[in-house]
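Here is what each chain is made of, one letter per residue.
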Amino acid sequence: MKLLVINAGSSSLKYQLYDMTDESVLAKGLVERIGMDSSILTHKPIGKEEVTEVSEILEHTTAIRKVLEKLTDKEHGVLASVNEIQAVGHRVVHGGEAFKGSALVTPEVKAEIRRLFDLAPLHNPPAIMGINASEANMPGVPNVVAFDTAFHQTMDEKVYLYPIPRVLYKKHRIRRYGAHGTSHQYVSRMAAEYLNRPIEELKIITCHIGNGASLTAVKGGVSVDTSMGLTPLEGLMMGTRSGDLDPTVVTFVMNKEELSISEVNSMLNKHSGLLAISGSSSDMRDITDGWEEGKPNETLAFEMYEYRLRKYIGSYAAAMNGVDVIVFTAGVGENSAIVREKTCENLSYLGVELDKELNKIRSGEPRRISTPNSKVEVLVIPTNEELMIARDTLSIVQESK
Ligand code: ADP
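Here the structure is a predicted model, which means the values were calculated and not measured. (Residues numbered from 1 in each chain as written. Predicted model: local features only at pLDDT ≥ 70, side-chain atom pairs only at ≥ 80, totals over all residues. Heavy atoms only, no water.)

### Focus on the UniProt feature "binding site: substrate" (unreviewed entry) in the protein
At step 1: Feature annotation in UniProt assigns "binding site: substrate" (unreviewed entry) to the following positions: R91.
At step 2: Summarising the element assignment, R91 is placed in strand β6 (residues 85-92).
At step 3: Its relative accessible area of 24% is what places R91 among the partly exposed residues. (UniProt positions renumbered as here; feature names shortened; annotations may be inferred. Helix = DSSP H or I, 4+ residues; strand = E, 2+ residues; numbered from the N terminus. Buried < 20%, exposed > 50% of the residue type's maximum accessible area, 1.4 Å probe, protein only.)

### A look at the packing of helix α10 (residues 284-292) against helix α11 (residues 296-319)
At step 1: Two elements in contact, α10 and α11, have axes separated by 8 Å at closest approach and are oriented at 115 degrees. α10 and α11 meet at a crossing whose hand is left-handed. Contacts between α10 and α11 involve M284, D286, I287, T288, G290 and W291 on the former and, on the latter, E298, T299, A301, F302 and Y305.
At step 2: Residues belonging to the contact of α10 with α11 are distributed by class as follows: six nonpolar, three polar and two charged. (Axes fitted to C-alpha atoms, helices over the stretch in contact; angles between N-to-C directions. Left-handed = near helix turned anticlockwise from the far one by under 90°. Contact = heavy atoms within 4.5 Å. Nonpolar A, V, L, I, M, F, W, Y, C, P; charged D, E, K, R; others polar.)

### Let's talk about the site of the ligand
At step 1: In the region of the ligand, the neighbouring residues are G210, N211, G212, D283, M284, R285, A330, G331, V332, N335, S336 and R362.
At step 2: One of the side-chain N or O atoms of N211 is found 2.7 Å from an oxygen atom in the ligand.
At step 3: Separating an oxygen atom of the ligand from a backbone N or O atom of M284 is a distance of 2.8 Å.
At step 4: With respect to the pocket detection grid, the ligand is positioned in the second largest pocket.
At step 5: Mapped by element, the contributors of at least two residues to the shell around the ligand are α10 and α12 (330-335).
At step 6: Per-element accounting of the shell around the ligand gives the leading share, four residues, to α12.
At step 7: Here the residues of the shell around the ligand are counted per class, giving three nonpolar, six polar and three charged. (Near = heavy atom within 4 Å. Polar contact = N/O pair within 3.5 Å; in protein donor to acceptor, adjacent residues only side chain to side chain. 1 Å grid on protein atoms, 1.4 Å probe; cavity = no way out; pocket = protein on both sides within 12 Å on 5 of 7 lines; lining within 4 Å. Sits in = over half its atoms within 2 Å of the grid points.)

### Observations concerning the layout of surface pockets
At step 1: Here the second largest pocket defines a volume of roughly 530 Å³.
At step 2: In terms of lining residues, the second largest pocket is bounded by 27 residues, among which G210, A330, G331, V332 and N335 are the most central.
At step 3: Those elements giving two or more residues to the lining of the second largest pocket turn out to be α10, α12, α13 (337-345) and α15 (385-399).
At step 4: Here the lining of the second largest pocket is composed, by residue class, of eight nonpolar, 11 polar and eight charged. (Points joined across faces, edges and corners; volume = space filled by probe spheres on them.)

### As for the sheet that holds strand β11 (residues 222-226)
Whether parallel or antiparallel, the strands of a sheet pair through hydrogen bonds between backbone atoms.
At step 1: One open sheet accounts for six strands, arranged β11-β10-β9-β12-β14-β13; its pairing is mixed. Taken across any chain shown, the strands that pair with only one partner, and hence form the sheet edges, are β11 and β13 (367-368).
At step 2: One ladder, built from five bridges, connects strand β9 (residues 203-209) with strand β12 (residues 325-329); its direction is parallel. Following the sheet pairing, C207 is matched in β12 by F328.
At step 3: Lying on the sheet, helix α6 (residues 181-195) is in contact with β9, β10 (213-219), β12, β13 and β14 (377-380); it crosses β9 at an angle near 130 degrees. (Pairing = 2+ DSSP bridges.)

Printed below as a string of structure tokens:
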């Protein structure tokens, strides 16, 4: 069965076409600057030459039409006909409390995603645009939605509630939802598979650290705690996001600096984290370069980042009364040997022992970077959210037949 996986943002649309007989990717690509005067479509058919096209793509329906044209193009295509696509899987950021797993798209499911616009105003509306666009271009083809929050719906009430007046939860559903669920689920499963141990008996801490970053405590295969909260701002220090801080900082700054709600939101989401402390970059490559050169601001940013990451790992070991496996994934987790080394150096009290040479090897494959003596297995596992979505799409479509 051939499946298309779509990740729609407000002005972008990423896609991957899978052949699920062997889970291979046939083509992938990206449409950028949707709604602007020169939109860019980059199409990468596997085994054929990459193609880039600049045109005017005003909305998502046209974007998907152009993608389908490329997928069936004589020169750059990988399909004889659009009819070969038997289902489409969509990434949706917020599934609230309604979705505990992926779901087949129905009018009710779309209405529920719309009801959640309040909780994810930047992310859920484009997901609906993506679904509508795929329904318009491929009538009769089933659509499946996979939610970033769904994996965390197993968290206990004592974990997901904030200690604030309960009426706010009842009225506005204010609670911890978490994010990156598809990635945390995928890498925790892969970790158990790699170690050849049943996931039911493992306590795993998954560190998804990219531009956005979150940690999850996975006990027996389910998420028991995660560092992102009502929104993806809580938790770790990130590229441009602050992560945890005293909420009074917000009201104090708004008052003293006369900032509006949107200005303070923008400060915390776009102008904080590594960028704010280094004063130069939100990219971990620049920060570690600066740290190696002894630049004081980059050094401070690096130390704060690593310290906060390590504190969270310690707290999740406490939450699960132990840890068997620590997994690093996403842009920083997969690529930055120095972030992994420094973080693990300070986890020796847990029995973590890193093999520094193994840690330096780059392979793009799941691998162990701890020593045989380490009490905790430390793994690097490349995440693959698209494949997880494709697998869910396949099983839901097959079940619904
Ligand atoms: P997103 O959260 O946007 O999906 P990614 O998971 O792709 O992002 O992570 C992107 C980030 O990964 C970059 O901003 C950069 O900080 C970091 N990164 C990528 N390669 C390296 C590297 N070799 N060393 C350190 N950091 C890296």
